[in-house]
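What follows is the residue order along each chain.
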Amino acid sequence: QVSCAVEQPIVIGLAADSGCGKSTFMRRLTSVFGGAAEPPKGGNPDSNTLISDTTTVICLDDYHSLDRTGRKEKGVTALDPKANDFDLMYEQVKAIKEGKAIEKPIYNHVTGLLDPAELIQPPKIFVIEGLHPMYDERVRELLDFSIYLDISNEVKFAWKIQRDMAERGHSLESIKASIEARKPDFDAFIDPQKQYADAVIEVLPTQLIPDDNEGKVLRVKLIMKEGIKFFNPVYLFDEGSTINWIPCGRKLTCSYPGIKFSYGPDTYFGQELSNRSCLRQCCTILVFACLFQVSVLEMDGQFDRLDELIYVESHLSNLSTKFYGEVTQQMLKHADFPGSNNGTGLFQTIVGLKIRDLYEQIIAERAGVPAEAAKV
Ligand code: ADP
Ligand code: G6P
């Protein structure tokens, strides 16, 4: 009898608003697993799915229950749960997790319509990325690991201006208006998901330049929940200590405004006390909120020379690399991706390595062998 346990995919959730770097993150993740992800061969050219040897990434926009016209008629945005079919999302993610193929709908971003379904086979690693991977409790329970990309309003605005004004010819006013229009639904339905994330990458304006509002130099935090099985947070110098480090000595070229790292334990908020799943996971309960214990690694500033990242890498521990310098190698390989010279690229790469490690440990546990035997 063939055991199918090993063939059951692990499921990863990646949540963020659109235009916040999910595709870039996915390209870094699949590269860590050793292959570039591509759209399904011979399928719908407007498919949102990406497939590599190990990984299939689906976009949760495919579970929009209302198409563009439907949303307009009902006056709801794509961020509103009413515009999305969570029952189908749950059934299909569950089926994949059980090792079964699914016929998943396709939301066509060009036409704004729902296209005929595409066949998705269970991969080794199944990533669901989009606006709501942690919104529905049933779907959330299926996730082996979850990530939230938390881009502050100032930075989101700067990125959107760069893309929509420079590349798409939109006016500053129309960009402002579109961000404002999405904000109430973003605050109500998307942002609260970060309480459920095992890792949050938070992107803020730099503190190295007083009153900076250009959004070019970034302060990025990697917030890692403690106590998650198979996930050991990365640390700088000394696990659990509080460290501030300006690595601009003899080994690292730092032009203005320099680079600053910080590391230490912290707490991260959850939701109201009435939230049962929050209560279950929570470590400290305050009157209206519960707090999780986390480790936070922060990088403010940017690298002048990416090859010198090896100096920083050599001071970080628990990176889950397979050889010395793997983080630097990955970053150099994709130096042209957005964020490669700052904490966004660095932390996305590190989370990719942690996911590979998590995968290998889960597979090893299922097979009852040491993690080394399940290496990809
Ligand atoms: P999503 O898949 O969430 O829509 P993308 O990865 O396609 O996001 O990124 C959208 C745009 O946002 C990019 O073209 C770029 O302009 C900007 N962007 C994303 N990540 C970064 C980053 N780390 N640094 C600077 N700009 C970024
Ligand atoms: C997708 C994106 C949303 C975006 C929407 C556009 O669903 O994930 O972030 O808002 O498309 O919707 P629209 O109603 O403007 O076509």
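Nothing here was measured: the structure is a model prediction, and the numbers come from that model.

### Some details on empty space enclosed by the protein
Logical step 1: Evaluation of the coordinates by the stated rule reveals one cavity of 30 Å³ or more.
Logical step 2: Approximately 30 Å³ is the volume attributed to the largest cavity.
Logical step 3: Lining of the largest cavity is provided by Ala-197, Asp-198, Ala-199, Val-200, Ile-223, Met-224, Lys-225, Tyr-268 and Val-294.
Logical step 4: Only β8 (199-205) and β9 (218-225) provide two or more residues apiece to the lining of the largest cavity.
Logical step 5: For the lining of the largest cavity, the element with the most residues is β9, which contributes three residues.
Logical step 6: Of the residues that constitute the lining of the largest cavity, the class distribution is seven nonpolar, no polar and two charged.

### Re the site of ligand 1
Logical step 1: Around ligand 1 lies a shell of 14 residues, among which Gly-19, Lys-22, Ser-23, Thr-24 and Thr-344 are the nearest.
Logical step 2: In this structure, Thr-24 approaches ligand 1 through a side-chain N or O atom, which is 2.6 Å from an oxygen atom.
Logical step 3: In isolation ligand 1 exposes 560 Å². Once the protein is present, 81% of that is buried.
Logical step 4: Secondary structure elements with two or more residues in the shell around ligand 1: α1 (22-32) and α5 (153-167).

### Brief notes about the site of ligand 2
Logical step 1: What surrounds ligand 2 is the set Ser-18, Asp-61, His-64, Arg-68, Arg-71, Ala-78, Tyr-107, His-109, Leu-131 and Arg-182.
Logical step 2: Within the contact set of ligand 2, an oxygen atom lies 2.8 Å away from a side-chain nitrogen or oxygen of Asp-61.
Logical step 3: At 2.6 Å from an oxygen atom of ligand 2 is found a side-chain nitrogen or oxygen belonging to Arg-182.
Logical step 4: Here ligand 2, which alone exposes 390 Å², has 71% of that area covered by the protein.
Logical step 5: Residue composition of the shell around ligand 2, by class: three nonpolar, three polar and four charged.

### Here we look at the packing of aromatic side chains
Logical step 1: One pass over the full model with this rule turns up seven aromatic pairs.
Logical step 2: Relative to Phe-231, the ring of Phe-145 lies with its centre 4.9 Å away and its plane at 65 degrees, an arrangement referred to as edge-to-face. Note that Phe-145 is positioned in strand β7 (residues 145-151) and Phe-231 in the loop between β9 and β10 (235-236), a separation of 86 residues in sequence. Take Phe-145 and Phe-231: they sit in the same class, and that class is buried.
Logical step 3: Among the aromatic residues, those joined into a ring-pair cluster are Phe-237, Trp-245, Phe-261 and Tyr-311.
Logical step 4: One Lys or Arg, Arg-27, reaches over the ring of Phe-337 and ends 3.9 Å from the middle of that ring.
Logical step 5: Its guanidinium or amino end placed over the ring of Phe-186, Lys-156 lies 3.6 Å from that ring's centre, counting from NZ or CZ.

What counts, and at which threshold
Residues numbered from 1 in each chain as written. Chains lettered and ligands numbered in written order. Predicted model: local features only at pLDDT ≥ 70, side-chain atom pairs only at ≥ 80, totals over all residues. Heavy atoms only, no water. 1 Å grid on protein atoms, 1.4 Å probe; cavity = no way out; pocket = protein on both sides within 12 Å on 5 of 7 lines; lining within 4 Å. Points joined across faces, edges and corners; volume = space filled by probe spheres on them. Helix = DSSP H or I, 4+ residues; strand = E, 2+ residues; numbered from the N terminus. Nonpolar A, V, L, I, M, F, W, Y, C, P; charged D, E, K, R; others polar. Near = heavy atom within 4 Å. Polar contact = N/O pair within 3.5 Å; in protein donor to acceptor, adjacent residues only side chain to side chain. Areas by Shrake-Rupley, 256 points an atom, 1.4 Å probe, with all protein chains shown as cover. Phe/Tyr/Trp six-rings, centres within 6.5 Å; stacked < 30°, edge-to-face > 60°. Buried < 20%, exposed > 50% of the residue type's maximum accessible area, 1.4 Å probe, protein only. Lys NZ or Arg CZ within 6 Å of the ring centre and 35° of its normal.

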